[in-house]
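Given next are the chains, with one letter for each unit.
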Amino acid sequence: MFLILGHFCSNLFLVLVVFIASCFSSCWVLYGQHNSVTLSSFTYATTVIKPYEWRYISVDLPPWFSSVTIALESNVGIDLKRIGKVSNLPMICFREGSPPLPDVYNTSHTGLVIDHISNSSFGGSQDLQIVEKCYPTQKRIFLTLTNEQIRPGIWYFGLFNGIGPIRTQSKMINRGHSYSFSGNVTVEGCTNSAMLGKFCNQTINLLSCLDTYISPETGIGSQSYKTASNVTTCGGTEESCLHLAGSEVYSLDVVSITEELIITAINITSKSQRSNGTIRGSGISLMCYVRHGAIPLPQLYDYSADIDRSPLVIPLPRLGSWFIKILPANLSASMVVIQETSTTICYSLEWQVRQCPADKAGLNCTTAKCTLQTFLRKNPSVAFESYYLPISGKVSSDSANFPLGPLLSNSSDGDMGDYTWTFFLMDIPYGAAGGNIHVRLTSEAKISAEIYARYGGFPSLSNWDYFYANSTSNSNGSMFFKVYDASDKSVSFYIIYARGGTWSFGLRHPISNSHSSTVETIMSISLERCPQKCSSHGTCQSVLDASGLTFYSFCACGRRYGGFDCSIELVSSSGHMWQSISLIASNAAALLPAYWALRHKAFAEWVLYTSSGISSGLYHACDVGTWCPLTFHVLQFMDFWLSFMAVVSTFVYLAAIDEVSKRTIHTVVAILTALMAESGPTRSSNIILVVAIGSLGLLIGFFIEFFTHRRWISFSTELCLNMLNRWETVKAWIHNFIRSLLKRFRWGFLIAGFTALAIAAISWKLESSQNYWIWHSVWHVSIYTSSFLFLCSKAAAVNCENEPPRPENYELARQNSFSGSNERGGR
């Protein structure tokens, strides 16, 4: 037996060893194939987004990330074929570098894709003004985006439950459908910085830029390019060989604003094993694909060229990593004779980064360049607000404005005729990506300059992110560019939610002459939290995103205005006045139940109705901006709590019970309604709960009254047998109960009260952000009128006429009668 058991254990141990070895080998193969690890993983708990609310989530992707997985679940079910108003559509928006803002303009929804989001929705290089894409929110969103689809950096996605100008408008109650979401965001990265790709299996050759590099005669230096004597260059060469079916990927970091990046291939040769020789000729072709921030693909790249014929010149490259992919292509017919599988192409890859001196820019380094210094504003309540001034000693730092005259270029760069450029460089903190760049230009004469802005590189006429030429030619149609002043002598515009990093502003202006030098032109560049200080129609609020990584600001507008900057008038002045009068004056309907309660000496109910009407009037006066004696939250709580209490106490008053029972019910109801008013006062289900609580209080009052006044219903065995055996007794009891119930109320008032209560419920349901003032005023009148009608419906309590005498009284009566007769007999 022990032998059999030992044999079994040994076999089991062998199976376990094989199983563990196979698992280890498979895991090792998987790890070796992907060669990636989890860099970060954030789990977001279930979050409810109410109508016209939003949430931002940021994801930081380091340069060595391989993929990011976004898994979201929500309770939204949208039929793409039946999408109604876009303003009410729950959507998810993506943007690189700063939070998305899909409703900068109230008439356009640029970037909205009426389709389900998928992995194929990402990819490609786009300008900053069109990078935002929005998609309808789905029940389940699962995306795995690789470093071949998106660039490293900080990516934001925003979840919106409705967009448009009313999203930022102050609303007392948000009516509509809420939805919830939860999810997880996981970032995978490569363990080796020299290996990238979605599986971390692509070898990256890191290129360094040496300041002491001297180009060989056959390379870039021998080409005829516009070069200045004072231009500084760095570069290098890399010897490499690749098979005909292979490729090489390189990475080069551009660490400062430069004028040109040039890439070429020299000394190209081809070797074949069969011929055992080296072949040179024009049939050899090397295609170069270049992409900023991500590995290029033949179908996805920023620049491309046949670098064995002519160098690839990238003018004004952006800061960051540039990836270069070399592929052999377009071999001539003579090369096909050689065995293609054994052909090796060798070459020398040469690169140069050309940069002008610290105060110069342009291809010939003849235009002026100014680096701006950050000056923080002395306002501790507002973070990341600052203004920028030139570092050079040509202007004073006493003001946020600086004159342009001493800083402008006097010579032309290239074939620009009478125009030249002056560049300004500034840095924005990465944590302040929710801020806005404000650029202003004022002059004593007509402004003839044009302003071009670009992130991470110098702008030009053909390469810019935003620009302003005049009132009719500018980027005002883009998502994140807003012009506020476009007169002849002044210009003012904002770049909305500018991403953190280096920005460059190019001022294209006429070359200075004796007349223009006497005209003073003032410029100012600042970083502000909210555009135009919310146009003086709202308050600027700053919060952290859901990840706690980005500090962004938004405008909380008043009742009359909306939009991202509170510049859109949603309600006119006269319309707002009538809305205010309607919402405040409609609470006068509380005088009806208050007067009835005072006349019938129901002082507790009189205080409750009066307080409810006064608190509601004060709450609406505060909401419309007339007067706020207390904080908005306190007034809102008092309004809803006293309204709930008024409805429930009306039902309780209809039951003829003693004061002790009423106080007990009121105490319980006060606790329940206070919780409702504090946790979710604006929920539509509250009206149903309040009516249910009031009906329950009325029912409990009836039971208390019934068992108090009808003590003849005992639970003795004899009475139970009599009631079970006598159907007539049960019928008489039911008949008497119905008679007493019919005489308890004035049924005309009761039916009218329920009708008014139904009108109140309907008006509550029909409330929306647009028609709130109408239906909520109807709510005030109908709810107080229903309370008045319910109070009028109460009649005096009537006991059953056929109520049998109580047994104990009957016994006492018999005893008294016998004793009385005996006394009389004794006399």
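No experiment lies behind these values; they were computed from the predicted model shown.

Time to look at the side chain of Ser240. Structurally, the position occupied by Ser240 is in strand β11 (residues 232–243). At 3.4 Å, the side chain of Ser240 and the side chain of Tyr250 are in polar contact.

Attention shifts here to the nonpolar core. Grouped together as the largest cluster of nonpolar side chains are 52 residues, with contacts concentrated most on Phe424, Ile437, Ile495, Trp503 and Phe505. Here the element with the most residues in this core is strand β29 (residues 490–495); it accounts for 4 residues. Leu635, Val647, Ile693 and Leu757 belong to the second largest nonpolar core, which has 37 residues in total.

The next point concerns the layout of surface pockets. There is about 1100 Å³ of room inside the second largest pocket. As for the second largest pocket, its lining consists of 50 residues, and the residues nearest its centre are His292, Gly293, Leu319, Gly320 and Ser321. Among the secondary structure elements, those contributing two or more residues to the lining of the second largest pocket are β2 (54–61), β7 (153–161), β10 (202–207), β12 (248–254), β18 (320–328), β26 (450–455) and β30 (501–510). When residues in the lining of the second largest pocket are grouped by element, the largest group, 4 residues, is from β18. Residues belonging to the lining of the second largest pocket are distributed by class as follows: 24 nonpolar, 17 polar and 9 charged.

Here the focus is the pairing of strand β19 (residues 343–355). For a regular strand, the rule is simple: side chains alternate between the two faces of the sheet. Within β19, 12 of the 13 residues are buried, which leaves it mostly tucked inside the rest of the structure. Note that β11 and β19 share 12 bridges and pair antiparallel. In the strand pairing of β19, Glu238 is matched with Leu349.

Our focus in this paragraph is empty space enclosed by the protein. A full pass over the atoms with the stated rule returns 10 cavities of 30 Å³ or more. Approximately 100 Å³ is the volume found for the largest cavity. Taken together, 15 residues make up the lining of the largest cavity; nearest its centre are Tyr497, Ser553, Phe554, Cys555 and Phe564. Counting only elements with at least two residues in the lining of the largest cavity, the list comes to β2 and β33 (551–557). With 3 residues, β33 is the single largest residue contributor to the lining of the largest cavity.

Turning our attention to the sheet that holds strand β8 (residues 179–190). In space, the 4 strands of this open sheet follow the order β1-β8-β3-β6, with antiparallel pairing throughout. On the outer flanks of this sheet lie β1 (36–49) and β6 (140–146), each paired with one strand and no other. Recorded for the sheet is a direction-independent mean angle of 10° between the axes of neighbouring strands.

Below, the discussion takes up the packing of aromatic side chains. Under the counting rule described, the total for this entry stands at 27 aromatic pairs. Ring centres of Tyr455 and Trp503 lie 5.5 Å apart, and the angle between their planes is 65°; on these two criteria the pair is classed as edge-to-face. Remark: Trp503 occurs in strand β30 and Tyr455 occurs in strand β26; sequence separation between them is 48 residues. Here Tyr455 matches Trp503 in class, with each residue buried. With a centroid separation of 5.0 Å and an interplanar angle of 75°, the aromatic rings of Phe754 and Phe790 are classed as edge-to-face. Of this pair, Phe754 sits in helix α11 (residues 747–766) while Phe790 sits in helix α12 (residues 772–792); the two residues are 36 residues apart in sequence, bridging distant segments of the chain. On the accessibility criterion, Phe754 (44% relative accessible area) is partly exposed. Its relative accessible area of 2% is what places Phe790 among the buried residues.

What follows covers a nonpolar patch on the surface. On the surface, a cluster of nonpolar side chains totalling about 360 Å² of accessible area is made up of Leu598, Phe603, Trp606 and Val607. Looking at which element gives the most residues to the nonpolar patch, the answer is helix α5 (residues 603–623), with 3 residues. Secondary-structure assignment places Trp606 in helix α5.

We now examine the state of the cysteines. With the rule as written, the count across this model stands at 9 disulfides. Two residues share a disulfide in this structure: Cys356 and Cys365, whose sulfurs sit 1.9 Å from each other. Between Cys356 and Cys365 the sulfur-sulfur dihedral comes to about -85°; the bridge is accordingly left-handed. Comparing Cys356 with Cys365 shows no difference in burial state: the two are buried. Across the disulfide, Cys530 is cross-linked to Cys540 (sulfur-sulfur distance 2.0 Å).

Before going further, it helps to examine the sheet that holds strand β16 (residues 303–306). Judged by pairing direction, the sheet is mixed, and its 6 strands sit side by side in the order β9-β10-β12-β18-β15-β16 without closing on themselves. If you trace the sheet from one side to the other, it starts and ends with β9 (195–196) and β16, each paired once. As paired strands, β10 and β12 are joined by 4 bridges and run parallel to one another. When the bridges of β12 are listed, Leu207 appears paired with Leu252.

Turning next to the confidence of the model for the chain. Looking at the chain as a whole, the pLDDT averages 78, with 77% of positions reaching at least 70. Here residues 1–33 scores under 50 on pLDDT; set against residues more than four positions off or in separate chains, the count is 6 contacts. Residue range residues 798–827 is modelled with pLDDT below 50. Its contacts to residues more than four positions away, or to other chains, number 17 contacts.

On to the pattern of salt bridges. This structure, assessed with the given rule, holds 11 salt bridges. Here Lys533 makes a salt bridge to Glu385, at a shortest N to O gap of 3.3 Å. One end of the pair, Lys533, is in the loop between β31 (521–528) and β32 (538–544); the other, Glu385, is in the loop between β21 (367–376) and β22 (386–390), and 148 residues separate them in sequence. A relative accessible area of 47% places Lys533 in the partly exposed class. Across the pair Glu450 and Arg508 runs a salt bridge, and its minimum N-O distance is 3.5 Å.

The rules we used
- Residues numbered from 1 in each chain as written.
- Predicted model: local features only at pLDDT ≥ 70, side-chain atom pairs only at ≥ 80, totals over all residues.
- Heavy atoms only, no water.
- Helix = DSSP H or I, 4+ residues; strand = E, 2+ residues; numbered from the N terminus.
- Polar contact = N/O pair within 3.5 Å; in protein donor to acceptor, adjacent residues only side chain to side chain.
- Core = buried A, V, L, I, M, F, W, Y, C linked by side-chain atoms within 4.5 Å.
- Buried < 20%, exposed > 50% of the residue type's maximum accessible area, 1.4 Å probe, protein only.
- 1 Å grid on protein atoms, 1.4 Å probe; cavity = no way out; pocket = protein on both sides within 12 Å on 5 of 7 lines; lining within 4 Å.
- Points joined across faces, edges and corners; volume = space filled by probe spheres on them.
- Nonpolar A, V, L, I, M, F, W, Y, C, P; charged D, E, K, R; others polar.
- Pairing = 2+ DSSP bridges.
- Axes fitted to C-alpha atoms, helices over the stretch in contact; angles between N-to-C directions.
- Phe/Tyr/Trp six-rings, centres within 6.5 Å; stacked < 30°, edge-to-face > 60°.
- Patch = residues over 30% accessible without salt bridge, like charges linked within 9 Å, V, L, I, M, F, W, Y side chains within 5 Å.
- Areas by Shrake-Rupley, 256 points an atom, 1.4 Å probe, with all protein chains shown as cover.
- Salt bridge = Lys/Arg side-chain N within 4 Å of Asp/Glu carboxyl O.
- Disulfide = S-S within 2.5 Å.
- pLDDT = per-residue confidence, 0-100.
- Contact = heavy atoms within 4.5 Å.

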